[in-house]
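# Structure assessment
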Amino acid sequence: MRVLFMGTPDFAVYSLEALCSSRHEVIGVVTQPDRPGNRGVTVFSAVKKYALANGLPVYQFEKIRKDGVDVLRSLGADVFVTAAYGQILSREIIELPRYGILNVHASLLPAYRGSCPIQRAIINGEKETGVTIMQTAEGLDTGDILYVKKIKISADDNAETLFVKLGELGASALTECLDKLEKGEITPVKQNESEATYYPMLCKADGKTDWSLSSEALDCFIRGVTPWPGAYTYFNGKLLKIHRAVPVEGRGDAGAVIGVDKNGIKVACGRGALLLKEVQLEGKKRMCCADFLNGCKLKTGDRFGDA
């Protein structure tokens, strides 16, 4: 099939790369417009960088619903594929390709519609997630389910590691789905709206640590917001980022330091305790807690919490 790919961040590159290695023909790539970066340097999307390196035509629209319809129609694609493109498509665009538009979504729909499904699944303590290839409709991630692949979330997965796993899983699911779709072997399944969940985008403030939660919940939270927006708390009025921690046994007032040694900093939670392994104090480098303690006077009874 002639495929027009639409995507922007690193997650989308996995699917684009798989398409380029498949028997299908990628006739072009649509990605978000370039943005100004530090010191006035123009920043290309990850998808644009890959497309240019591989000789693929690139199309960019500030408002695709307004400026892109005629261009997309002229390309004569059999199917469009979207993966974290970043703009809402109009019905006119959705109806252009013969096979419609396939979207690669990093959750088991109808759960975790919207943005940040990878982070939210970890934060909520899910043991399983996956990738859904769905037929794009006008609603937000509401289209029919075409193909699903599942994966376990391991106890040491954070958003960064799971991002890679789901990127690779989505790429294989996409090419398999396209092959089956072309052969007429796909039966669309309506989503169960009663099971739908939606979560908004994460912001920097969402990384604030709530020590009243259980150690297990905090472990999921920290892994879910790593590397962005990043978990943080405050110590002596300074922001302290928590890069790595593990739940352990312990008891005390939530946020209180109940143990300090070379293995880490043990902090009491609402239930249980969290052993901090890697931290970063405001204005300092990321370091293991043993090194952090060499330069920081922290003792049992100290507290983490608000600024």
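Here, every reference points to the structure presented above.
Residues numbered from 1 in each chain as written. Predicted model: local features only at pLDDT ≥ 70, side-chain atom pairs only at ≥ 80, totals over all residues. Heavy atoms only, no water.

Evaluated as defined, the whole model comprises 6 aromatic pairs. For the pair Y14 and F163, a centre-to-centre distance of 6.5 Å together with 65° between the ring planes defines the contact as edge-to-face. Of this pair, Y14 sits in helix α1 (residues 10-20) while F163 is found in helix α7 (residues 159-182), placing the two residues 149 residues apart along the sequence. An aromatic cluster is present here, built from F11, Y14 and F163 joined pairwise through their rings. A cation sits over an aromatic face here: K48 above F44, 3.9 Å from the ring centre. (Phe/Tyr/Trp six-rings, centres within 6.5 Å; stacked < 30°, edge-to-face > 60°. Helix = DSSP H or I, 4+ residues; strand = E, 2+ residues; numbered from the N terminus. Lys NZ or Arg CZ within 6 Å of the ring centre and 35° of its normal.)

This brings us to the pattern of salt bridges. Two side chains carrying opposite charge are able to pair once their charged atoms lie near each other. Applying the stated rule across the entire model yields 21 salt bridges. Salt-bridge contacts for R35 lead to E62; the nearest nitrogen and oxygen are separated by 3.5 Å. Of this pair, R35 sits in strand β3 (residues 35-36) while E62 sits in the loop between β5 (58-60) and α3 (64-67), placing them 27 residues apart in sequence. By relative accessible area, which is 53% here, E62 ends up exposed. Measuring nitrogen to oxygen at the nearest pair gives 2.7 Å for the salt bridge that ties R91 to E138. (Salt bridge = Lys/Arg side-chain N within 4 Å of Asp/Glu carboxyl O. Buried < 20%, exposed > 50% of the residue type's maximum accessible area, 1.4 Å probe, protein only.)

With that settled, the discussion passes to the pairing of strand β12 (residues 231-235). Extensive coverage of β12 is indicated by the burial of 5 of its 5 residues. Alternating residues of β12 divide into A231, T233 and F235 and Y232 and Y234, and every residue in both groups is buried. Where β12 lies against strand β13 (residues 238-248), 5 bridges are found, and the strand directions are antiparallel. In the sheet register, A231 faces β13, and the bridge partner there is I242. Hairpin remark: β12 followed by β13, antiparallel, with 2 residues in the connecting loop; positive phi at N236, about 55°. (Pairing = 2+ DSSP bridges.)

This part covers helix α2 (residues 46-53). Burial in α2 covers these residues: A46, V47, K48, Y50 and A51. The secondary structure elements touched by the buried residues of α2 are β1 (2-7), α1, β2 (25-31) and β5. Once α2 finishes, G55 follows within two positions and takes phi at roughly 70°, a positive value. (Contact = heavy atoms within 4.5 Å.)

This part takes up the packing of α1 against α2. Any two packed helices are characterised by how steeply their axes cross, that is the angle between the axes, and by the distance between the axes. Here α1 crosses α2 at 30°, and the two axes come no closer than 8 Å. By the criterion of interaxial angle, the relationship of α1 to α2 is roughly parallel. Contact residues: D10, A12, V13, L16, E17 and C20 in α1; A46, V47 and Y50 in α2. Here the residues of the contact of α1 with α2 sort into 7 nonpolar, no polar and 2 charged. (Axes fitted to C-alpha atoms, helices over the stretch in contact; angles between N-to-C directions. Parallel < 35°, antiparallel > 145°, perpendicular 65-115°, else oblique. Nonpolar A, V, L, I, M, F, W, Y, C, P; charged D, E, K, R; others polar.)

So, on to the side chain of D144. Turning to its location among the elements, D144 is positioned in the loop between β9 (128-135) and β10 (145-152). At a separation of 3.5 Å, a polar atom in the side chain of D144 contacts the side chain of K190. Among residues more than four places away in sequence, those in contact with D144 are I133, M134, Q135, P188, V189 and K190. (Polar contact = N/O pair within 3.5 Å; in protein donor to acceptor, adjacent residues only side chain to side chain.)

In this section: the sheet that holds β9. Spatial ordering of the open sheet is given by β5-β2-β1-β6-β7-β9-β10, a layout of 7 strands whose pairing is mixed. Both outer strands of the open sheet, β5 and β10, are each paired with one neighbouring strand and no more. This sheet shows a mean twist of 20° between the axes of neighbouring strands, independent of strand direction. Direction of pairing for β2 relative to β5: parallel, over a ladder of 3 bridges. Looking at the pairing, V29 lines up with V58 of β5. Seen against the sheet, α7 touches β1, β6 (79-83), β7 (101-105), β9 and β10 and runs at an angle of roughly 150° to β10.

Helix length check: α7 (24 residues) gives 33 Å between terminal C-alpha atoms against 34 Å at 1.5 Å per residue, within 8%. Where α7 ends, the next residue or the one after it, G184, has phi of about 75°, a positive value. (Expected span 1.5 Å × (residues − 1).)

Don't take any of this as a statement about function, it's just geometry.
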